[in-house]
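Close look at the chain arrangement
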Amino acid sequence: MPVPGPGYSITVRVEAPPSASAAGDLTTAVGRVGGVLTAFDVVESRSDAIVVDITANVSNADHVEDVTKELDSLDGVRVRKVSDRTFLMHLGGKLSVAPKVQLRNRDDLSRAYTPGVARVCQAIAANPADARRLTIKRNTVAVVTDGSAVLGLGNIGPAAALPVMEGKAALFKKFADVDAWPVCLDTQDTEEIIKIVKALAPVYAGINLEDIAAPRCFEIEKRLREQLDIPVFHDDQHGTAIVVLAALRNALRVVGKNIEDCKIVVSGAGAAGSAIIRLLQHKKPADIIAADIDGIVHSGRANLDDNLRHLAETTNKDNVSGSLHDALVGADVFIGVSAPNLFGAEQVATMAENPVVFALANPDPEIDPLEAQKHAAVVATGRSDYPNQINNVLAFPGVFRGLLDAQAHDIDDEMLIAAANAIADVVDDRLNASFIVPSVFDSAVAPAVAEAVKAAARRSAAV
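Residues numbered from 1 in each chain as written. Predicted model: local features only at pLDDT ≥ 70, side-chain atom pairs only at ≥ 80, totals over all residues. Heavy atoms only, no water.

Taking every second residue as pointing to the same face, both faces of strand E14 (residues 378-381) are buried, with Val-378 and Ala-380 on one and Val-379 and Thr-381 on the other. Pairing of strand E13 (residues 356-359) with E14 involves four bridges; the strand directions are parallel. Bridged to Phe-358 within E14 is Ala-380. (Buried < 20%, exposed > 50% of the residue type's maximum accessible area, 1.4 Å probe, protein only. Helix = DSSP H or I, 4+ residues; strand = E, 2+ residues; numbered from the N terminus. Pairing = 2+ DSSP bridges.)

What follows is the structure, given as structure tokens:
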């Protein structure tokens, strides 16, 4: 179900005859093959020709070829060059390091570096807590991955994961002024990852684990939380869970239901699904049924790993079995963090009255949102081209801003719930079926989340 979007944007430089109809012919050709024109710039004009940059959103590589062939087929038109605007944005990477102090002369140098820096080092050696006050540690987060579960791309390794981690670091800075840095590890051994992150920890005030495959991610997070004195946050788990909880709180307000009365079906029992379930359980829903590729998770199923066994013990109160379709019958809420195209409108019709459907598999959700809307009262996706985008960027920048400001040493579920409530509250009286979470560009979100998390962290530290 790919549609043209800014994630696949191209600029085509073409040479065309200088006729009055040239612009219309070129733009019509792009639209004829389904491209979405976003800019048309004349970069050169001569008596015998014009050179034009045509920028358009397309769906995929095949669609790029369709657009260029269509333009090339016009009389007198020649395609000179095709540039992928996404690749252009990534040239040279998306991050840089800049000093916060000026080094204008010998005096500046002697204070920032030798000999003056030695006194600062000695102060930290005498009192290690001063590292938060006198170094970058106070505002710095490591974005750690092994590249084993990247976006929807799977196990592509650390080098290929780096563009995603750079993007994550850029979002930290943009939305919460947190200095984050990619740490892409060339190992997928659990013990080695734990050892490396522990060794790196003195530089950082927080660890953001990212795109590490389940079930290893559970062990890595658990052990690092036990062994480090800084917060360790696996965004694929807890960032997703925070935003889902916020969205669900508001969605249930739209349909007039209490979560205590709701049967909730979660498709996907990996990192995100398990964390969502755990956070939802604090709200005591009537029942949660988890499903994965092998169907409903229940205690009688064979070959359950530790995570699935825990889910079987803590969900599915009637121990039902069957398929995802079976689980949906009578359900009030569907939350999908699994795979594309798992069911259709006919299954949504079997759910309870005014159902809520969060189909979050990305880029292609568990159900086509237009199909879900035939019967669902509220529909959300992980995509930016539909209403109600469930996006982790609503959570993690503010969460870490709050943790850093509180100088927190750990993170707990009360902080996650506080973050979810803050996101939900930002919507306020703008709430409707197409607006259950704020925009990722709403400048009120990160500060609200940060204040809520900071307050929760200080309450936790005071206990």
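Next comes the rest of the description.
Here we come to the packing of aromatic side chains. The full count for this structure, using the stated rule, is five aromatic pairs. Plain terms: the ring middles of Phe-175 and Phe-441 are 6.0 Å apart, the flat faces sit at 50 degrees to each other, and that makes the pair tilted. Of this pair, Phe-175 sits in helix H7 (residues 157-176) while Phe-441 is found in the loop between helix H17 (413-427) and helix H18 (445-462), placing the two residues 266 residues apart along the sequence. Each ring, one from Phe-334 and one from Phe-343, has its centre 4.8 Å from the other, and the planes form 75 degrees; the classification is edge-to-face. Accessibility classification places Phe-334 together with Phe-343 in one group, the buried group. (Phe/Tyr/Trp six-rings, centres within 6.5 Å; stacked < 30°, edge-to-face > 60°.)

Let us now look at the pairing of strand E10 (residues 287-292). Judged by how many residues are buried, E10 sits mostly within the fold: five of six residues are covered. Pairing analysis gives five bridges linking strand E9 (residues 263-267) to E10, with the strands arranged parallel. Of the residues in E10, the one forming a bridge with Ser-267 is Ala-291. You can see the chain leave E9, run along helix H11 (residues 271-281) and come back into E10, and the turn it takes is right-handed. Note that E10 and strand E11 (residues 295-296) share two bridges and pair antiparallel. The residue bridging Asp-292 from the neighbouring strand is Gly-295, located in E11. In this antiparallel pair of consecutive strands, E10 and E11, the connection spans two residues. (Right-handed = clockwise from strand over helix to strand, strands pointing away.)

We now examine the pattern of salt bridges. This model, assessed by the stated rule, comprises 33 salt bridges. With a shortest N-O distance of 3.0 Å, Lys-222 and Glu-226 are connected by a salt bridge. With Lys-222 and Glu-226 both in helix H9 (residues 216-227), this residue pair falls four residues apart, about one helical turn. With relative accessibility at 52%, the residue Glu-226 sits in the exposed group. Across the pair Asp-332 and Lys-257 runs a salt bridge, and its minimum N-O distance is 2.8 Å. One end of the pair, Asp-332, is in the loop between helix H13 (324-328) and strand E12 (333-336); the other, Lys-257, is in the loop between helix H10 (235-255) and E9, with 75 residues separating them in the sequence. Lys-257 carries the same exposure label as Asp-332, and that label is buried. Via salt bridges that share partners, Glu-15, Glu-44, Arg-46, Asp-48, Arg-78 and Arg-80 belong to a single interconnected network. (Salt bridge = Lys/Arg side-chain N within 4 Å of Asp/Glu carboxyl O.)

The feature "domain: Malic enzyme NAD-binding" (unreviewed entry), as annotated in UniProt, sits at residues 237-458 in this numbering. Here residues 237-458 runs as 41% helix and 11% strand, with 23 Å between its end C-alpha atoms. (UniProt positions renumbered as here; feature names shortened; annotations may be inferred.)

So, on to the UniProt feature "binding site: a divalent metal cation" (unreviewed entry) in the protein chain. Within this numbering scheme, the UniProt entry marks Glu-210, Asp-211 and Asp-236 as carrying the feature "binding site: a divalent metal cation" (unreviewed entry). The annotated residues occupy 27 residues of the chain but converge on a single region, no pair of C-alpha atoms lying more than 6.7 Å apart. Note that Glu-210 resides in the loop between strand E7 (206-209) and H9. Owing to a relative accessible area of 4%, Glu-210 belongs among the buried residues under this scheme. Beyond its immediate stretch of four places on either side in the chain, Glu-210 contacts Val-143, Val-144, Thr-145, Met-165, Lys-168, His-234, Asp-235 and Asp-236. Polar contacts involving the side chain of Glu-210 include one to the side chain of Lys-168, which spans 3.1 Å. With respect to the helices and strands, the residue Asp-236 is situated in helix H10. Accessibility expressed as a relative area gives 18% for Asp-236, which makes it buried. Discounting chain neighbours no more than four positions away, the residues touching Asp-236 are Glu-210, Asp-211, Ile-212, Ala-271, Ala-272 and Asn-392. (Contact = heavy atoms within 4.5 Å. Polar contact = N/O pair within 3.5 Å; in protein donor to acceptor, adjacent residues only side chain to side chain.)

With that out of the way, let us pick up the side chain of Ser-148. Counting through the fold element by element, Ser-148 comes out in the loop between strand E5 (140-145) and H7. Not counting residues within four places of it along the chain, the set of residues in contact with Ser-148 comprises Gly-154, Asn-155, Gln-188, Asp-211, Ile-212, Ala-213 and Arg-216.

Between helix H16 (residues 396-405) and H18, the least distance of the axes is 7 Å, while the angle of their chain directions is 40 degrees. Comparing their axes, H18 and H16 come out oblique. Crossing hand, H16 versus H18: right-handed. Along its contact with H16, which presents Gly-398, Val-399, Arg-401, Gly-402, Leu-403 and Asp-405, the element H18 presents Ala-446, Val-449, Ala-450, Val-453, Lys-454 and Arg-458. When the residues that make up the contact of H16 with H18 are grouped by side-chain class, the tally is six nonpolar, two polar and four charged. (Axes fitted to C-alpha atoms, helices over the stretch in contact; angles between N-to-C directions. Parallel < 35°, antiparallel > 145°, perpendicular 65-115°, else oblique. Left-handed = near helix turned anticlockwise from the far one by under 90°. Nonpolar A, V, L, I, M, F, W, Y, C, P; charged D, E, K, R; others polar.)

The next thing to look at is the sheet that holds E9. Strand order in the open sheet formed by six strands is E11-E10-E9-E12-E13-E14, with mixed pairing between adjacent strands. Sheet topology places E11 and E14 at the edges, where each strand pairs with a single neighbour. Where E12 lies against E13, four bridges are found, and the strand directions are parallel. Counted as the bridge partner of Val-333 is Val-356 from E13.

On to the environment of Phe-172, then. Position of Phe-172 relative to the elements: it lies in helix H7. If sequence neighbours within four positions are ignored, Phe-172 has contacts with Val-141, Val-143, Asp-177, Val-178, Ala-180, Asn-208, Phe-396, Pro-397 and Phe-400.

A few words now on the domain arrangement of the protein chain. Partitioning the protein chain into domains gives domain 1 (9-90), domain 2 (101-135), domain 3 (139-230) and domain 4 (236-462). For domain 2 and domain 3, the distance between their C-alpha centroids amounts to 28 Å. (Domains from an automatic or database assignment.)

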